[in-house]
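Below, each chain spelled out in residue letters.
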Amino acid sequence: MFNSHSTSKNHLAPILVDNISLELNNRLLINGISCQINAKGISVIMGPNGAGKSLFMRCLHGLATPNSGQIFYAEKPLSPDIQKQQSMVFQSPTILRRTVLANMLFVARQRGQLNPKTSIEYLAQVQLEHLAQHPARLLSGGEKQRLALARALITRPTILFLDEATSNLDPTSTETIEKNLQLVDQQGTKIILVTHDIGQAKRLADDVLFLNRGILTEHGPARSFFKSPASAAAKSYLAGQLVL
Amino acid sequence: MTIYSESFFAAFNLLATADKDLVEILYLSINVSLLSLALSCFLGLPIGAILAIRQFPMRNLLVGIFNAMMGLPPVVVGLLVYLHLSRSGPFGWLGLLYTPEAMIIAQMILITPIIIALSCQVLEDLNEDYKDFFSSLVVPKRTALVAYIVDARYSLLTVVLAGFGRAISEVGAVIIVGGNIDHLTRVMTTAIALETSKGELELALALGFILLGISLAVNFFAQWLKATAKRRAYV
Ligand SMILES: Nc1ncnc2c1ncn2[C@@H]1O[C@H](COP(=O)(O)OP(=O)(O)OP(=O)(O)O)[C@@H](O)[C@H]1O
Ligand SMILES: [Mg+2]
């Protein structure tokens, strides 16, 4: 269930990222990121390919452990219990070798959600209920992403991480998913999403984090970011230029 | 008629009349192979799973050793088991030499590495695919292990079939430790070897046909499993 029904965004303790760095294969891939992310609303992470967006998200979710620095959720350091309240949709989602419905049921069961009807309802939200008995690995790329999203939503997370979760979707599906996300946002789930779709970022974002070469170059309200990005990297990214 | 065609005719006759000796040999062969297979799976599948999923020191070395052991020469295994079970050997007091149990032990030594190495590979691939998702969901270890085995069931069954194929057709080890004693440790492969050397081809041929049939059936079954798994997108 959701933590709180408070309407004030500032009322809840935020997510605190305290100077995290991550080095893999002698490459400094996350370079001293510190920030404070609101506990509600939609935060969008943007940045060029290889900037470290996926890695940063993995750190936030506890799938990668930074070499230094710490992450706090409501003043508590990240732990499996906190991780359980979060859900992540991966850039290329893992699909269990089972039917679409069985994929839902597996996740639902992990969170004590035993009624198959609920799974069907969540499938319906992403227009996949007609494929419930279909082998999930035979779904199209976009259908897989929708299944992954439904799987993430059925856990009713307090924080939902989405790594380019709509990158393979057609315009109609993208719109449906965005509506879904806005609904989930209104219900109080925090959403952190990575996207290269500037239109989508403008439609959804409350605030934007811009990453370049493992550095958080700026973090601010969406409106001011899109109106006047502060860093040169963000400026050229938004202008569609290669960031070097 | 020539010896050649006579032998075939007599062999078919043995098959058609379900000759008592033939049935006995067949029965023992299948019993020994299935028992060693069952024991090897009981031992090998969990080891394969642990090697696939857990990271620990020496893990890679162990995987390498089991992979190498897949190619153990049966006669050498037979010889080693013989040495251990013979009266002067460390396990001589068990009195197992020249019994079906000795054959089962030898076959287990041959099959278990196959089960371990192949199942490890299958589960390792699956783990590579599932691990991030499972750790994101914070899936308990046991649940994950069950999910791995369920989702890899087709490939794992193929692994088991490979083990059975090796067991039923193997001759070098069982002839040394079993001794090919009539009505006691004579199995298809050892009977074929003996009958052929005596020049009595009909029993050898009849058994050969059965062995060939089993081998083909196992392979067709494995093929069918693969196709089914593919159709249902389990691989
Ligand atoms: N497990 C890993 N080991 C070594 N290097 C890695 C690993 N994962 C990612 N990297 C490197 O880290 C850098 C950032 O990767 P990341 O996946 O976070 O990029 P991204 O910002 O998500 O890019 P994209 O927009 O293409 O998804 C890349 O240069 C990548 O090669
Ligand atoms: Mg990425």
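Definitions and limits used
- Residues numbered from 1 in each chain as written.
- Chains lettered and ligands numbered in written order.
- Predicted model: local features only at pLDDT ≥ 70, side-chain atom pairs only at ≥ 80, totals over all residues.
- Heavy atoms only, no water.
- Buried < 20%, exposed > 50% of the residue type's maximum accessible area, 1.4 Å probe, protein only.
- Helix = DSSP H or I, 4+ residues; strand = E, 2+ residues; numbered from the N terminus.
- Contact = heavy atoms within 4.5 Å.
- Axes fitted to C-alpha atoms, helices over the stretch in contact; angles between N-to-C directions.
- Parallel < 35°, antiparallel > 145°, perpendicular 65-115°, else oblique.
- Expected span 1.5 Å × (residues − 1).
- Arc of directions from axis to C-beta.
- Buried area = accessible area lost by both parts, 1.4 Å probe.
- Salt bridge = Lys/Arg side-chain N within 4 Å of Asp/Glu carboxyl O.
- Polar contact = N/O pair within 3.5 Å; in protein donor to acceptor, adjacent residues only side chain to side chain.
- Core = buried A, V, L, I, M, F, W, Y, C linked by side-chain atoms within 4.5 Å.
- Near = heavy atom within 4 Å.
- Areas by Shrake-Rupley, 256 points an atom, 1.4 Å probe, with all protein chains shown as cover.
- Nonpolar A, V, L, I, M, F, W, Y, C, P; charged D, E, K, R; others polar.
- Donors = N, O, S within 2.8 Å, 3.2 Å for Na, K, Ca; no water.

## Some remarks on helix α9 (residues 188-198) of chain B
Residues and elements named next belong to chain B.
So, point 1. Among the residues of α9, those classed as buried are M188, T189, T190, A191 and E195.
So, point 2. Check the buried side of α9 and you find it contacts α2 (20-53), α7 (153-169), α8 (172-178) and α10 (201-231).
So, point 3. Positioned one or two residues after α9, G199 has a phi angle of 80 degrees, which is positive.

## Structural notes on the packing of α7 of chain B against α10 of chain B
All names here are of chain B.
So, point 1. Across the interface, α7 lies against α10 with an axial gap of 10 Å and an inter-helix angle of 170 degrees. Looking at the two axes, α7 sits roughly antiparallel to α10. Touching Y154, L157, T158, L161, F164 and I168 of α7 are L211, I214, V218, F221, A222, L225, T228 and A229, all from α10.

## Some details on helix α6 (residues 171-186) of chain A
Along an α-helix, residues three or four apart share an orientation, since each turn contains 3.6 residues.
Residue and element names in this part refer to chain A.
So, point 1. With 16 residues, α6 should reach 22 Å at 1.5 Å per residue; the first-to-last C-alpha distance of 22 Å fits that figure.
So, point 2. Looking at α6, one finds that the buried residues are S173, T174, I177, E178, N180, L181 and V184. Seen end-on, α6 carries its buried residues on one side only, within an arc spanning 160 degrees. Of the residues in α6, the exposed ones pointing more than 90 degrees away from the buried face are P171, T172, K179 and Q186.
So, point 3. In this fold, the buried residues of α6 make contact with α4 (116-125), α5 (141-153), β7 (159-163), β8 (190-194) and α7 (198-204).

## Side note on the interface of chain B and chain A
So, point 1. Taken residue by residue, the interface counts 21 residues in chain B and 22 residues in chain A.
So, point 2. Taking both partners together, chain B and chain A bury about 1,900 Å²; carbon and sulfur atoms supply 58% of that area.
So, point 3. Broken down residue by residue, the surface that chain B buries against chain A is led by F133, S136 and L137 of chain B, which jointly contribute 31%.
So, point 4. Summed over the shared surface of chain B and chain A, the result is 4 salt bridges.
So, point 5. Inspection of the chain B/chain A interface yields 9 residue pairs in polar contact (both at pLDDT 80 or more).

## A word on the nonpolar core
So, point 1. Among the nonpolar cores identified, the biggest contains 96 residues, and M46, L147 and L162 of chain A together with F134 of chain B are the most heavily contacted of them.
So, point 2. For this core, the element with the highest residue contribution is helix α5 (residues 100-137) of chain B, accounting for 11 residues.
So, point 3. Ignoring any residue separated from it by four or fewer positions in sequence, one finds F134 of chain B in contact with L96 and F106 of chain A together with V139, A144, A147 and Y148 of chain B.
So, point 4. Membership of the second largest hydrophobic core comes to 28 residues, among which are I15, I33, M57 and I82 of chain A.

## Focus: the site of ligand 1
All names here are of chain A.
So, point 1. Of all residues adjacent to ligand 1, which total 15 residues, the nearest are N49, G50, K53, S54 and H196.
So, point 2. Within the side chain of N49, an N or O atom sits 2.8 Å from an oxygen atom of ligand 1.
So, point 3. Within the backbone of L55, a nitrogen or oxygen atom sits 2.9 Å from an oxygen atom of ligand 1.
So, point 4. In isolation ligand 1 offers 640 Å² of accessible surface; the protein chains occlude 67% of this area.
So, point 5. At the level of secondary structure, the elements contributing two or more residues to the shell around ligand 1 comprise β2 (27-37) and α1 (53-61).
So, point 6. Broken down by element, the residue count for the shell around ligand 1 peaks at 3 residues, all from α1.
So, point 7. Of the residues in the shell around ligand 1, the class split is 5 nonpolar, 7 polar and 3 charged.

## Here's the deal with the coordination of the magnesium ion (ligand 2)
All names here are of chain A.
So, point 1. Looking at the metal site, the magnesium ion (ligand 2) is ligated by S54 (OG) and Q91 (OE1), spaced 2.0 to 2.4 Å from it. Of this pair, S54 sits in helix α1 while Q91 sits in the loop between β6 (86-89) and α3 (100-110); the two residues are 37 residues apart in sequence, bridging distant segments of the chain.
So, point 2. Judged by relative accessible area, Q91 falls into the partly exposed class, the value being 38%.

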